[in-house]
Amino acid sequence: MDTSMYNMEKQHKLGKLHALERICHIVDEDSFREIGSSVSNLEDAFNIKKGQFPYDGVITGYGTINGQKVFIYSEDFTVIGGTLGKMHGLKIANTIKMAIESRCPIIGINDSGGARIQEGVNALSGYGEIFYYNTMASGYIPQISIIAGNCAGGAVYSPGITDFIFVIDDISQMFVTGPKVIKSVTNEDITADALGGANVHAATSGVAHFHMKDEKECFREVRRLIDIIPPCYNENHIHVPKNTSLPHYQDNVEFVEELSHVIPEKDTQSYDIHKVIDGIIDSGTFIEVQKEFAKSVVVGFGRLNGIVVGIIANQPNYMAGVLDCDSSDKAARQIRYCDAYNIPIITLTDVPGFLPGKDQEYKGIIRHGAKLLYAYSEATTIKLNVILRKAYGGAYIAMSSKHLRSDYVYAWPTAEIAVMGAEGAADILYGKQMKNMSPAEKKAFRDNKIAEYNQKFMNPGIAAMHGYVDEIIKPEATRARLYSDILMLADKKPITGICKKHGNIPL
């Protein structure tokens, strides 16, 4: 490829790779083929001449990642600041369109000063075309956005529609209105990094899904993600590695003895849910999504004996695994992504409830929690749930319960399924009786009622007796059981529901 037209050195002085170098780091060596290299700007305005900007500041084409074909575009900040004009926008929109037609992932590298002011509404029309094709591609092909520089104003909404956003330390900046506008409107002083840097979107806003320390690490992780997720929607088919046939459901999968030692003896003790995830999926395959955001829930992708699965798990190590507004959104989005591509969902439940408090109510926990209920209910992919320990109240229902049509719900012997914990239940049920007791009498009476409540309601056998739990299984058998279930349900056909255009998810 002739690289003479590309100003590499200008970008290197900014501490960044050039647009073309970025592409070459992502796709397989010598696999990139450029499309639209002769396209240039068409407008004469404000000292800009027609044809002045080569390839109109964005490089587009296709290549492969470990043999998987992908389409890719990369904005070039060295060409009029990577600003988006009409042809720049149409090139990106056409690249997404070709990815849809070719049924393969699309990767976008964003490094732009925003809309090209000199082109006026024509620049805005370019954004509109991109947003339209982003929406058309959603749920049909994976869309990955890399924020490798500036991404401001209307430009942020294309990544916002896509499936996965990667941000990079000291490079990524995303915001609808920049520091100067904020200063003029609110008189607030804030730096671009504090407003929309990588840390902000990875940990606070939840806009970003992956947070990388540098560009090369980012590109390696993009390749790893492409390796594991399905390349396109494939009706009623689960995703297995290339050149691998689906095994027989009776194939043996090893028991994992370590899983029997994860749950602490005291139900008030925390533990790291990653120990359970690592004991279920294939070693080294887990890719965690939104690791720094809403940490009371862990979501991601892995392989179970080669089969791609989605993971949604409460994290007892953070806020006891409670569900709040952000963790509900995070889990619901993962459910809908997995369902769109028929990725089996494995839910690992250890949840004490929804987070109480004025702040959560004001933030709309009713609406956000409803998204989780809606997402699980709507999903028709394979849904498997393992209740590890606590499953209380509405959060028990929300975490892929049988009532939301999970295919199989299992419980470990340590599972506690009830409206609430025994201590709280005893206080509510017998509070009036204990009111006039002496401290010693009250303690003895309360301890007795807690033990009684535990015996009657807190063991998994009660839920199993009513059919809300399919089996009580040993922890060490979990991996093998889930694997055989996925194979058995591989040809699962969704039950036809009510005839309608679509439901109205509580956004």
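A quick note: this is a predicted structure, and the numbers were derived from the prediction, not measured.

What follows deals with helix α9 (residues 215–228). The end-to-end C-alpha distance of α9, which contains 14 residues, comes to 20 Å, matching closely the 20 Å that a straight helix rising 1.5 Å per residue would cover. Looking at α9, one finds that the buried residues are E215, C218, F219, E221, V222, R223, L225, I226 and I228.

Right, let's talk about the sheet that holds strand β1 (residues 33–34) for a bit. A sheet is described by the order of its strands in space; here seven strands give the open sequence β1-β2-β3-β4-β5-β7-β9, paired in mixed fashion. The open sheet is flanked by β1 and β9 (210–212), the only strands paired with a single partner. Across two bridges, the pairing between β1 and strand β2 (residues 58–65) is antiparallel. The residue bridging R33 from the neighbouring strand is Y62, located in β2. Taken strand by strand, helix α2 (residues 19–26) contacts β2, β3 (68–75), β4 (106–110) and β5 (143–147), and its axis lies near 160° from that of β3.

Attention shifts here to the nonpolar core. Formed by 58 residues in total, the largest nonpolar core has its most connected members in I26, I107, I146, F164, F166, L225 and F301. Here the element with the most residues in this core is α9; it accounts for six residues. Beyond its immediate stretch of four places on either side in the chain, I26 contacts I65, I72, I107, I109, I146, F219, V222 and R223. In this structure, I263, I281, L348 and I486 belong to the second largest nonpolar core, which totals 36 residues.

This next bit is on the side chain of E221. Relative to the helices and strands, E221 resides in helix α9. The residues contacting E221, other than those within four sequence positions of it, are F166, M212 and I287.

Turning to the packing of helix α15 (residues 422–434) against helix α16 (residues 439–457), a few remarks are in order. For the pair α15 and α16, the least separation of the axes is 9 Å and the interaxial angle reads 135°. Between α15 and α16, the crossing angle belongs to the class labelled oblique. Considering the relative orientation of α15 and α16, their crossing is right-handed. Contacts between α15 and α16 involve A422, E423, A425, A426, D427, L429, Y430, Q433 and M434 from the former and K442, F445, R446, K449, I450, E452, Y453 and N454 from the latter. Across the contact of α15 with α16, the residue classes tally to nine nonpolar, two polar and six charged.

So, how was this worked out
Residues numbered from 1 in each chain as written. Predicted model: local features only at pLDDT ≥ 70, side-chain atom pairs only at ≥ 80, totals over all residues. Heavy atoms only, no water. Helix = DSSP H or I, 4+ residues; strand = E, 2+ residues; numbered from the N terminus. Expected span 1.5 Å × (residues − 1). Buried < 20%, exposed > 50% of the residue type's maximum accessible area, 1.4 Å probe, protein only. Pairing = 2+ DSSP bridges. Contact = heavy atoms within 4.5 Å. Axes fitted to C-alpha atoms, helices over the stretch in contact; angles between N-to-C directions. Core = buried A, V, L, I, M, F, W, Y, C linked by side-chain atoms within 4.5 Å. Parallel < 35°, antiparallel > 145°, perpendicular 65-115°, else oblique. Left-handed = near helix turned anticlockwise from the far one by under 90°. Nonpolar A, V, L, I, M, F, W, Y, C, P; charged D, E, K, R; others polar.

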